[in-house]
Amino acid sequence: MKHPTVRSAFTSAQPGNWRARCAHCATLQVCLMGCLPQSSRELLAPCIVETAFSKGDVLQAQDTVAQRISIIKVGALMATREDHEGQAHPVALLGRGKTLGQYAVYGHREQIGAQALSAGRVCSVDVPEFYRLGVVDRKFHACVQARIVCAHGQLADWSRVMRIKGLQQKLLATLQLYAREQASQAIRLPSHVALAALLSTTRETIARSLRQLEAAGHILRHDRWHCEVVRPAGHGAGVN
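Residues numbered from 1 in each chain as written. Predicted model: local features only at pLDDT ≥ 70, side-chain atom pairs only at ≥ 80, totals over all residues. Heavy atoms only, no water.

Enquirer: Account for the overall build of the chain, with residues named and values stated.
Expert: Looking only at helices and strands, the chain has seven helices and twelve strands in total. Residues counted as buried form 48% of the 240 residues belonging to the chain. Here the contacts in the chain between residues at least 6 apart in sequence split such that 74% fall between residues at least 24 apart. Just so you have it, the chain exposes about 12000 Å², and 52% of that area is on carbon and sulfur atoms. (Helix = DSSP H or I, 4+ residues; strand = E, 2+ residues; numbered from the N terminus. Buried < 20%, exposed > 50% of the residue type's maximum accessible area, 1.4 Å probe, protein only. Contact = heavy atoms within 4.5 Å. Areas by Shrake-Rupley, 256 points an atom, 1.4 Å probe, with all protein chains shown as cover.)

And the structure:
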């Protein structure tokens, strides 16, 4: 994967409104804001900015301290990790509800990059606003730390998926994990090119494997871009 050209996704932000957006947002159940007390969400409401991003935009740069905490509302991102020569390599898919920039609360640099695989939207709050409004309390730290811990576990899950033998089984595990992390069996499929880059194969092989998974009843295709990942009988969602 070539080193991405940084194009900021935070250029034309419009102020958010918690009562109009967050309270009825389908992402709230998997969002950092949903973890915070209602009193904190109401204080943060005027500071929440919802921004559109385009395919190819870099929403998080590795080895930089983020200026804001952002939550993916709609869209898909590829998480990347640079090697010693600065070459970025795909390591995981990031979807709805994923938090970006959370290390900034503690002044640490981000350990992975994140580049948009599709158009989408993020909701963001500048880091200083959390402190200015006085919401950085024990509950806030517990929420942020829980998401950091969860992110470490999820990266380990992605590492495990990459070690599954057989492309078809590896692709199925990828889709199962991607769905589980978004708490929804219905997902928007990343492009064949993105899946091929993540799984170190070709787009033709990805297309063929998706057809085989559909024929076997593991996924239900609604259209070219959307599918439902079928839960294995007797199991919850996730990679087995």
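Enquirer: So, the side chain of Gln182: which residues are in play, and what are the values?
Expert: Within the secondary structure layout, Gln182 lies in the loop between helix 5 (167-181) and strand 10 (186-188). Taking the relative accessible area as the measure of exposure, Gln182 reaches 10% and is therefore buried. If sequence neighbours within four positions are ignored, Gln182 has contacts with Val30, Gly95, Arg96 and Ile187.

Enquirer: Please provide a residue-by-residue account of the packing of helix 5 against helix 6 (residues 192-199), values included.
Expert: How two helices pack is summed up by the angle between their axes together with the distance between the axes. At their nearest, the axes of helix 5 and helix 6 sit 11 Å apart, and the two run at 110° to each other. Classified by the interaxial angle, the pair formed by helix 5 and helix 6 is roughly perpendicular. The chirality of how helix 5 crosses helix 6 is right-handed. Here helix 5 contributes Leu167, Lys170, Leu171 and Thr174 to the contact with helix 6, which in turn contributes Leu195, Leu198 and Leu199. Looking at the contact of helix 5 with helix 6 residue by residue, the classes come out as five nonpolar, one polar and one charged. (Axes fitted to C-alpha atoms, helices over the stretch in contact; angles between N-to-C directions. Parallel < 35°, antiparallel > 145°, perpendicular 65-115°, else oblique. Left-handed = near helix turned anticlockwise from the far one by under 90°. Nonpolar A, V, L, I, M, F, W, Y, C, P; charged D, E, K, R; others polar.)

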